[in-house]
Amino acid sequence: MENKWKLLYNPFEWIAGWKAFGIGIIIVCATVIIGHFSNTYFIGVQIKHIPNISLPMAFLLQAIGLCATIIIMYLISLISAKNVRFQDILGTVTLSRYPFLLAAFAGFLVRPQIIDSILEGTLTDVFSIIQFSIAGLIMMLILVWGVALLYNAFKVSTNIKGPKSVFLFILIFVLSEAFTMLAVYKLL
């Protein structure tokens, strides 16, 4: 039973490299396509509910965040770890995005009218408030799960442990999110 739970938060002990990348990229593509239909988009680790974005733009937003994380993690790992392989970072980081597939489905809980009502300050329907709250809770749990998976991907790929791994992961996370936001801001 413990191995089944461990598979949810650290599958990288069993799968990494090109195989993890292959599985991960299929999940990432499915996430973008399903997310497009639920108006749920993934910019870095952020989950955004944005209407009227084209499917190619949705793929580009996902690619920017994924590539930024992979490249920054690889460069920092080259400096701070021994025997780091690019394909391990590529595979584990890509596979760590699998919880976002659930977020893409959860996006169907939030109708565009609810978002409009929230922005206008006119949301009074109790059912819509509950529906939006449940979707928000699901998204927050998925976000935490995704960050935990990303940290485990980093730890397993680099074999860095202890406080050093925490510090480097925070640095990687902040740099990749900042780069992603800057690139998306310039793009949009």
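Residues numbered from 1 in each chain as written. Predicted model: local features only at pLDDT ≥ 70, side-chain atom pairs only at ≥ 80, totals over all residues. Heavy atoms only, no water.

## Structural notes on the overall build of the protein chain
Condition: Each helix is a run of H or I in the DSSP string that is no shorter than four residues. Each strand is a run of E no shorter than two, and both are numbered from the N terminus. Think of it in three bands: residues with accessible area under 20% of the maximum for their type are buried, residues over 50% are exposed, and the middle band is partly exposed, with areas taken using a 1.4 Å probe on protein chains only. Any pair of residues with heavy atoms lying within 4.5 Å of one another is described as a contacting pair. Residue exposure ignores everything except the shown protein chains as possible cover, and the areas themselves are Shrake-Rupley values with a 1.4 Å probe.
Secondary structure summary: the protein chain contains eight helices and two strands in total. Counted from the first residue to the last, the protein chain has its helices and strands arranged as α-α-β-β-α-α-α-α-α-α. For the protein chain, the proportion of its 188 residues judged to be buried stands at 44%. Across the protein chain, contacts joining residues at least 24 apart in sequence account for 71% of those joining residues at least 6 apart. Just so you have it, the protein chain exposes about 10200 Å², and 73% of that area is on carbon and sulfur atoms.

## Description of the packing of aromatic side chains
Where we set the bar: Side-chain rings of Phe, Tyr and Trp (the six-membered ring for Trp) are treated as a pair once their centres are within 6.5 Å; stacked means planes under 30 degrees apart, edge-to-face means over 60, and tilted covers the remaining angles. Sitting over a ring, as applied to charges here, requires NZ of Lys or CZ of Arg to be within 6 Å of the ring centre and within 35 degrees of the ring normal.
On inspection of all chains with the given rule, the structure shows seven aromatic pairs. Relative to Phe169, the ring of Tyr151 lies with its centre 5.3 Å away and its plane at 75°, an arrangement referred to as edge-to-face. Within this pair, whereas Tyr151 is found in helix H7 (residues 126–158), its partner Phe169 is found in helix H8 (residues 162–187), the two being separated by 18 residues in sequence. Note on accessibility: Tyr151 and Phe169 belong to one class, buried. An aromatic cluster is present here, built from Tyr151, Phe154, Phe169 and Phe173 joined pairwise through their rings. The residue whose ring lies beneath Arg97 is Phe100, and the NZ or CZ to ring-centre distance is 4.4 Å.

## Quick word on unusual backbone geometry
Unlike most non-glycine residues, Asn83 shows phi in positive territory, near 55°. Within the secondary structure, Asn83 sits in the loop between helix H3 (55–80) and helix H4 (86–95). Phi is positive for Asn159, close to 60°, though the residue is something other than glycine. Assignment of secondary structure puts Asn159 in the loop between H7 and H8.

## Quick notes on H4
Within H4, eight of the 10 residues are buried, leaving the element largely enclosed by the surrounding structure. Among all positions of H4, only Asp88, Ile89, Leu90, Gly91, Thr92, Val93, Thr94 and Leu95 are buried.

## As for the packing of helix H2 (residues 17–37) against H3
This is how the line gets drawn: To obtain each axis, a line is fitted to C-alpha atoms, and for helices this fit is confined to the stretch in contact; angles are then taken between N-to-C directions over 0 to 180 degrees. Any angle that is under 35 degrees is reported as roughly parallel, and any over 145 degrees as roughly antiparallel; angles of 65 to 115 degrees are reported as roughly perpendicular and all others as oblique. Handedness of a helix crossing follows the sense of rotation of the near helix relative to the far helix, less than a right angle counterclockwise being left-handed and clockwise being right-handed. Amino acid classes used here: Ala, Val, Leu, Ile, Met, Phe, Trp, Tyr, Cys and Pro are nonpolar; Asp, Glu, Lys and Arg are charged; the rest, including Gly, are polar.
Following both chains from N to C, one finds H2 and H3 inclined at 135°, their axes separated by 10 Å at the closest point. When the interaxial angle is binned, H2 and H3 end up oblique. Here H2 and H3 pass one another in a crossing that is right-handed. Residue-level contacts link Val28, Cys29, Thr31, Val32, Ile33 and His36 of H2 to Leu55, Ala58, Phe59, Gln62 and Leu66 of H3. Among the residues forming the contact of H2 with H3, the class breakdown is eight nonpolar, three polar and no charged.

## A word on the nonpolar core
The nonpolar side chains of a soluble globular protein tend to be buried, and buried together. Inclusion rule: Among the buried residues, those of types Ala, Val, Leu, Ile, Met, Phe, Trp, Tyr and Cys that are joined through side-chain atoms within 4.5 Å form a nonpolar core.
Membership of the largest hydrophobic core comes to 18 residues, with the highest contact counts inside it found for Ile70, Met73, Ile89, Val93, Phe154 and Ile172. Of all the elements in the fold, those that place two or more residues in this core are H3, H4, H7 and H8. Counting residues per element, this core draws most heavily on H3, which supplies five residues. With residues near it in sequence (within four places) discarded, Ile172 still touches Ile72, Met73, Ile76 and Phe154.

## Structural notes on a nonpolar patch on the surface
For clarity, the cut-off: Nonpolar side chains (Val, Leu, Ile, Met, Phe, Trp, Tyr) within 5 Å and like charges within 9 Å form the patches, drawn only from residues with over 30% relative accessible area and no salt bridge. The salt bridge definition used is simple: a Lys or Arg side-chain nitrogen within 4 Å of an Asp or Glu carboxyl oxygen.
There is a patch of nonpolar side chains on the surface, built from Leu109, Val126, Ile130, Ile134 and Ile138 and spanning about 390 Å² of accessible area. Following the sequence through the fold, Leu109 ends up in the loop between helix H5 (99–106) and helix H6 (112–120).

## A word on the packing of H3 against H4
Remark: H3 packs on H4, axes separated minimally by 10 Å, with the N-to-C direction vectors making an angle of 140°. Of the possible angle classes, the one that applies to H3 and H4 is oblique. You can see that H3 and H4 cross each other, and the crossing is right-handed. The segment H3 lies against H4, with Leu66, Thr69, Ile70, Met73, Tyr74 and Ser77 engaging Phe86, Ile89, Leu90, Val93 and Thr94. Per-class residue counts for the contact of H3 with H4 are eight nonpolar, three polar and no charged.

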